[in-house]
Amino acid sequence: MKKLLCILLTMLLSCTAAFAEATDQSVTLESPAKNFTIKATLPQGLSKGQVVLTEDYAAIDFDNSDNTACSYILIVAPSEEYANKNLSDLSDDERNAILSIMVADCDQVDYGTVTLENGNTMLYYTESGAADMGNILDVHDGYFIQLTYVHNEATPILESDMLAAEALMNTLIYEEIQ
Amino acid sequence: MKKNLIAFGLVLIMLCSCMVVAYAMPTEHDVTYYYVDTSNHGSLNLRQAASTDADVMAQIPYGTQIMIYDYAPGDKWALCAYDQYEGYVMTRYLNGNRPSGRASSSATSSTSTSVGSESAEYKRMEAAYYYAAVRPSTPSGYVHMRWAPSKKEPVIRDFYDGQVLKVLYQDQNWCQVYDEATGVSGWMMRHFLIYAGEAQATAYTIGTIVTE
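Caption draft 1: Representation of the overall build of chain B in the model. When helices and strands are counted, chain B shows one helix and 14 strands. Counting over 212 residues, chain B shows a buried share of 41%. With the model as given, the accessible surface of chain B reaches about 12,200 Å², and the carbon-plus-sulfur share is 53%.

Listed below in structure tokens is the structure:
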């Protein structure tokens, strides 16, 4: 009887672990020029939404089943000003220049750089007041990759929202298309 | 007789060739002039084809006036001439007005975040009626449409690169814009709008302008 219980418990734990892994959804977005793809791993609760592909940009929505949390949009667009460059190639002045023009349309804004768990540094800015939205930006091979997050009910952005967005950007993998 | 026929044929061919060349040559009305206006005040790539994958032939300095002959489908790339080269540039980095500021040799920017006053006085607004394409400060960014001409006003919705709006009223810093796709109207900073063509003046019942 004891052995049977142990076996059943082990099976139950295994199934739970497999189910937990299955809920981490992996999505892929192609850059507009189709020279690289971006792979993101979505945590539980997020699902792939609408994909928009134009000559100017590629965008994908991530819907959140939790209405009290944020939904996201990830956009990839080419930049001639920073063609073939990565964010790590840019000087502090260039990074500050990007940030200053990004926040030009904002009222109450907090902005700067953030270093993710994987060691990558990205730019961020968070608006409050007239618009409650957050953004994290990376530059890869001359492309701007921007994650925008906002609450479904337009409530203020919390620190937990910023951490969740950073965690999502931390999963990004850029794969060159041969 | 035979010689006359040959001569006539040659003249005809020459005439047809002249007509083809004359048709193909850009006329004064076909050519437009724009200035290179990059946000980092750096140079703009002139490419062999209308793609960021195409080879760069030259780099056109910030503020340079260039002649645009034609546009690639979608109007995101323009065919132009610079120096001894002819190639394509991205239209989002072109401005019909000469930009202020100096070129940056190291592609860093002495950037000013001042793109307009905080708020506008309605009495300085003038009727406009033209289409404008939204041009966010970065290719992946967005521009707020607000309830009133002030950065402190709530956001109605956001618009992305290339979306077209109808401009109804404007002053030097703000535009009242109308989205024909959704019927939504609001205010957007003029700095983020690029002229995209004339529009018919149409009466809209949008709201009452309240003066302070």
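Still more ground to cover, so stick around.
Caption draft 2: Representation of the sheet that holds strand β1 (residues 25-30) of chain A in the model. Residues and elements named next belong to chain A. One open sheet accounts for three strands, arranged β1-β2-β10; its pairing is antiparallel. The sheet terminates laterally at β1 and β10 (173-176), the two strands that pair on one side only. Neighbour-to-neighbour, the strand axes of this sheet turn through a mean angle of 25°, independent of strand direction. Where strand β2 (residues 36-42) lies against β10, four bridges are found, and the strand directions are antiparallel. Across the sheet, Lys39 pairs through a bridge with Ile173, a residue of β10.

Caption draft 3: Here's a closer look at the side chain of Thr37 of chain A. Relative to the helices and strands, Thr37 of chain A is located in strand β2. Apart from residues lying up to four places away in sequence, Thr37 of chain A is in contact with Thr28, Leu29, Glu30, Ile173, Tyr174, Glu175 and Ile177 of chain A.

Caption draft 4: Main features of the interface of chain A and chain B. Contact with chain A, which involves 37 residues of that partner, is made by 41 residues of chain B. Between chain A and chain B lies a buried interface of about 3,200 Å² when both sides are counted; carbon and sulfur atoms form 52% of it. In terms of surface lost to chain B, no three residues of chain A exceed Glu80, Glu81 and Asp105 of chain A, which account for 25% of the buried area on that side. A salt bridge links Lys152 of chain B to Asp107 of chain A; its shortest N-O distance comes to 3.4 Å. Viewed at the interface, chain B and chain A are joined by 12 residue pairs in polar contact (both at pLDDT 80 or more). Only β5 (70-78), α2 (92-102), β7 (121-128), β8 (133-140) and β9 (143-151) of chain A provide two or more residues apiece to the side of chain A that touches chain B.

Caption draft 5: Region of the structure containing empty space enclosed by the protein. The final tally for this structure, using the stated rule, is one cavity of 30 Å³ or more. When its volume is computed, the largest cavity comes out at roughly 80 Å³. The wall of the largest cavity is formed by 14 residues, among which Met102, Asp105 and Tyr125 of chain A together with Ser137 and Tyr142 of chain B lie closest to the centre. At the level of elements, β7 of chain A together with β9 (142-146) of chain B are the ones that each hand at least two residues to the lining of the largest cavity. In the lining of the largest cavity, the residues fall into seven nonpolar, five polar and two charged.

Caption draft 6: Representation of α2 of chain A. Residue and element names in this part refer to chain A. With eight of 11 residues buried, α2 lies mostly within the body of the structure. Looking at α2, one finds that the buried residues are Glu94, Arg95, Ala97, Ile98, Leu99, Ser100, Ile101 and Met102. On its buried face, α2 is in contact with β6 (108-115), β7, β8 and β9.

Caption draft 7: The arrangement of the nonpolar core in detail. Residues and elements named next belong to chain A. Formed by 28 residues in total, the largest nonpolar core has its most connected members in Phe62, Tyr72, Leu74, Leu147 and Met169. Sorting the residues of this core by element identifies β1, β2, β4 (58-64), β5, β7, β9 and α3 (159-170) as the ones contributing at least two each. Once residues within four sequence positions are removed from consideration, Tyr72 is found in contact with Leu46, Ile60, Asp61, Phe62, Leu147, Thr148, Tyr149, Asp161, Ala164, Ala165 and Leu168. Formed by 22 residues, the second largest nonpolar core is a distinct cluster that contains Tyr57, Tyr82, Ile98 and Ala131.

Caption draft 8: Looking closely at the packing of aromatic side chains. Enumeration according to the criterion identifies seven aromatic pairs over all chains in this entry. Between Phe36 of chain A and Tyr143 of chain A, the aromatic rings sit 5.1 Å apart at their centres with planes inclined by 85°, giving edge-to-face as the arrangement. Placement of the pair is Phe36 of chain A in strand β2 and Tyr143 of chain A in strand β9, with a sequence separation of 107 residues. Residue class for Tyr143 of chain A comes out buried when judged on its relative accessible area of 3%. Taking 5.5 Å as the distance between ring centres and 45° as the angle between the ring planes, the aromatic pair formed by Tyr130 of chain B and Tyr195 of chain B counts as tilted. Residue Tyr130 of chain B is found in strand β8 (residues 126-134), and its partner Tyr195 of chain B is found in strand β14 (residues 193-198); the two are separated by 65 residues along the sequence.

Caption draft 9: Main features of the sheet that holds β4 of chain A. Residue and element names in this part refer to chain A. Pairing is antiparallel in the open sheet, where seven strands are placed in the order β3-β4-β5-β9-β8-β7-β6. At either end of the open sheet lies a strand with only one pairing partner, and these are β3 (46-53) and β6. With strand direction ignored, the average angle separating the axes of adjacent strands in the sheet is 20°. Where β5 lies against β9, nine bridges are found, and the strand directions are antiparallel. Residue pairing for β9: Ala77 is matched across the bridge by Phe144.

Caption draft 10: The environment of Asn40 of chain B, seen in detail. Residue and element names in this part refer to chain B. Of note, Asn40 is situated in the loop between β1 (32-36) and β2 (44-47). On the basis of relative accessible area, Asn40 is assigned to the buried category, the value being 2%. Linking Asn40 and Tyr62, residues 22 residues apart in sequence, is a C-alpha distance of 9.0 Å. Within the structure, Asn40 has its side chain in polar contact with the backbone nitrogen of Gly42 (distance 3.0 Å).

Procedures and definitions
- Residues numbered from 1 in each chain as written.
- Chains lettered and ligands numbered in written order.
- Predicted model: local features only at pLDDT ≥ 70, side-chain atom pairs only at ≥ 80, totals over all residues.
- Heavy atoms only, no water.
- Helix = DSSP H or I, 4+ residues; strand = E, 2+ residues; numbered from the N terminus.
- Buried < 20%, exposed > 50% of the residue type's maximum accessible area, 1.4 Å probe, protein only.
- Areas by Shrake-Rupley, 256 points an atom, 1.4 Å probe, with all protein chains shown as cover.
- Pairing = 2+ DSSP bridges.
- Axes fitted to C-alpha atoms, helices over the stretch in contact; angles between N-to-C directions.
- Contact = heavy atoms within 4.5 Å.
- Buried area = accessible area lost by both parts, 1.4 Å probe.
- Salt bridge = Lys/Arg side-chain N within 4 Å of Asp/Glu carboxyl O.
- Polar contact = N/O pair within 3.5 Å; in protein donor to acceptor, adjacent residues only side chain to side chain.
- 1 Å grid on protein atoms, 1.4 Å probe; cavity = no way out; pocket = protein on both sides within 12 Å on 5 of 7 lines; lining within 4 Å.
- Points joined across faces, edges and corners; volume = space filled by probe spheres on them.
- Nonpolar A, V, L, I, M, F, W, Y, C, P; charged D, E, K, R; others polar.
- Core = buried A, V, L, I, M, F, W, Y, C linked by side-chain atoms within 4.5 Å.
- Phe/Tyr/Trp six-rings, centres within 6.5 Å; stacked < 30°, edge-to-face > 60°.

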